[in-house]
Amino acid sequence: MLKIAHCPEYLLPLPEGHRFPMQKYELIPEQLLYEGSIGPENLFAPEPIEERLILAAHDEGYWRRLSSLDLPPAMVRRIGFPLTAELVDRARRIAQGSVECTEHALRHGIAMNVAGGTHHAHADRGEGFCEINDQAIAARYLLDTGTARQILIVDLDVHQGNGTAKIFEGEPRVFTFSVHGEKNYPLHKEKSDLDIALPDGTEDAAYLAMLRTVLPDLLDRVRPDFVFYLSGVDVLATDRLGRLGLTMQGCRERDRTVFDLCHRRAGLPVAVSMGGGYSPRLATVVEAHAQTYRSALEAIRADAPVPSNGPKTPFGKP
């Protein structure tokens, strides 16, 4: 059973013309349900997370100002969303979704959050469409409950996971691994335990060869008992904010590689957060994310194929 965190509150109303493709959080589960990859029983709706879990990864002063809607205007601009009670509620539900995904992954092998991947959120600030860091909060939850002893965070969003790297700086029980565009946001990059910065235009063959070389070595060296995967689809050549050159098939092979190495071969539980995707056509973003779910289902079912993309889609070809 692949459990997937999703609720209506993930879809936050934004000002007209805002560049963030918020509608994808509604369309991704709709597409997966429509094509028959999942059923309603796969979905669960997270409630707002408890403050004590947030404070395990974030400074209390920052959280108090965020939750009381009292952030300085400059910080609100860095986050990139209007600061509202609905935004804070959404962030809390996303974080709770990732925490619950850890429990479902331990039970079923893989679990996924339709939103999340808020890796630019630092302990003391938000930025880059990220208010609080869902995977950092979930990793702290695993460590603090003694559920995991060694965690590997595989961040394959096109932008460096700077907030995650900084939060776990000096924490030997969490190994942060980020593959990202060398010349992309953020301008100032933090130091992950392993950073691989790729040149503009990196295509499928080079990307996949790197991943298939580096990730097995990391699994051997780090020896994690839990993996977080941030599966941003802003690595696509079509992405407005990406600058890499992956095709849709290359993106799918990336996901398959992570699930094959971490789950099928190593037997590790994997919790997935979606991360970014900014291709001009929303159908492309939705299809790229949907591929990640299909790849997870293939890994769970091992020898049972799942519906592929094609004409059976209400949103048009990517």
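So, here's what we can say about the structure. Keep in mind that this is a model prediction, so the values were computed, not measured.

A few points about the overall build of the protein chain
Of regular secondary structure, the protein chain possesses ten helices and eight strands. Taking 20 Å as the expected radius of gyration for a compact globule of 318 residues, we find that the protein chain reaches 18 Å, a close match to that expectation. Each of the three principal axes of the protein chain carries a C-alpha extent, and together these read 50 × 45 × 40 Å. Looking at the protein chain alone, contacts between residues at least 24 apart form 75% of all its contacts between residues at least 6 apart. As displayed, the protein chain offers around 12,500 Å² of accessible surface, 51% of which is attributable to carbon and sulfur atoms. Of the side chains in the protein chain, 35 bear a positive and 43 a negative charge, and the two mean positions are spaced by 2 Å.

A look at the pairing of strand β5 (residues 174-181)
Extensive coverage of β5 is indicated by the burial of eight of its eight residues. Bridging between strand β4 (residues 151-155) and β5 involves five bridges; their strand directions are parallel. Opposite D155, over in β5, you have S178 as the bridge partner. Here β5 runs beside strand β6 (residues 194-198); their pairing, made up of five bridges, is parallel. Bridging across to β6, G181 finds its partner in L198.

Examining the sheet that holds strand β1 (residues 3-5)
In a beta sheet, neighbouring strands pair by backbone hydrogen bonds and run either parallel or antiparallel. Reading across the sheet, the eight strands line up as β2-β1-β3-β8-β7-β4-β5-β6 and stay open at both edges, with parallel pairing between neighbours. At either margin of the open sheet sits one strand with a lone partner, and together these are β2 (43-44) and β6. Sheet analysis places β4 next to strand β7 (residues 226-230), joined by five bridges and oriented parallel. Its bridge partner being in β7, I151 is matched across the sheet by F226. Set on the sheet, helix α6 (residues 134-144) makes contact with β4, β5, β7 and β8 (270-273); between it and β7 the angle comes to about 175°.

Focus: the packing of helix α1 (residues 24-35) against helix α10 (residues 282-301)
One can describe the packing of α1 onto α10 by two numbers: an axis separation of 9 Å at closest approach and a directional angle of 55°. When the interaxial angle is binned, α1 and α10 end up oblique. Both α1 and α10 take part in a crossing whose hand is right-handed. The segment α1 lies against α10, with K24, L27, I28, Q31, L32 and E35 engaging L282, V285, V286, H289, A290, Y293 and R294. For the contact of α1 with α10, a count of residues per class yields eight nonpolar, two polar and three charged.

Overview of the packing of helix α8 (residues 204-222) against helix α9 (residues 248-265)
At a closest axis distance of 10 Å, the pairing of α8 and α9 adopts a crossing angle of 10°. In terms of their interaxial angle, α8 and α9 are classed as roughly parallel. Taken as a pair, α8 and α9 cross one another with a handedness that is right-handed. Each of D204, Y207, L208, L211, R212, L215, P216 and L219 in α8 lies in contact with α9, whose residues at this interface are G250, E253, R254, T257, V258, L261 and C262.

Details of the pattern of salt bridges
Tallied over the entire structure, the rule returns 23 salt bridges. Close ionic contact of R140 with E171 constitutes a salt bridge, the shortest N to O distance being 3.3 Å. Separated by 31 residues along the polypeptide, R140 in helix α6 and E171 in the loop between α7 (162-167) and β5 bring together distant segments of the chain. Assessed through its relative accessible area of 13%, E171 is described here as buried. Here E253 makes a salt bridge to R212, at a shortest N to O gap of 3.4 Å.

Quick word on the packing of aromatic side chains
Tallying each qualifying case throughout the model produces eight aromatic pairs. Ring geometry for F20 versus Y25: centroids 6.2 Å apart, planes at 25°, classification stacked. Per residue, the accessibility class of F20 equals that of Y25, and both read buried. Considering the side-chain rings of F129 and Y278, the 6.4 Å spacing of their centres and the 35° angle between planes classify their relative orientation as tilted. Placement of the pair is F129 in the loop between β3 (110-113) and α6 and Y278 in the loop between β8 and α10, with a sequence separation of 149 residues. Overall, the relative accessible area of 7% leaves Y278 in the buried class. One aromatic cluster is present, built from ring pairs that chain together F20, Y25, F81, F129 and Y278.

Calculation criteria
Residues numbered from 1 in each chain as written. Predicted model: local features only at pLDDT ≥ 70, side-chain atom pairs only at ≥ 80, totals over all residues. Heavy atoms only, no water. Helix = DSSP H or I, 4+ residues; strand = E, 2+ residues; numbered from the N terminus. Rg over C-alpha atoms; globule rule 2.2 N^0.38 Å. Contact = heavy atoms within 4.5 Å. Areas by Shrake-Rupley, 256 points an atom, 1.4 Å probe, with all protein chains shown as cover. Lys, Arg positive; Asp, Glu negative; His and termini not counted. Charge placed at Lys NZ, Arg CZ, Asp CG, Glu CD. Buried < 20%, exposed > 50% of the residue type's maximum accessible area, 1.4 Å probe, protein only. Pairing = 2+ DSSP bridges. Axes fitted to C-alpha atoms, helices over the stretch in contact; angles between N-to-C directions. Parallel < 35°, antiparallel > 145°, perpendicular 65-115°, else oblique. Left-handed = near helix turned anticlockwise from the far one by under 90°. Nonpolar A, V, L, I, M, F, W, Y, C, P; charged D, E, K, R; others polar. Salt bridge = Lys/Arg side-chain N within 4 Å of Asp/Glu carboxyl O. Phe/Tyr/Trp six-rings, centres within 6.5 Å; stacked < 30°, edge-to-face > 60°.

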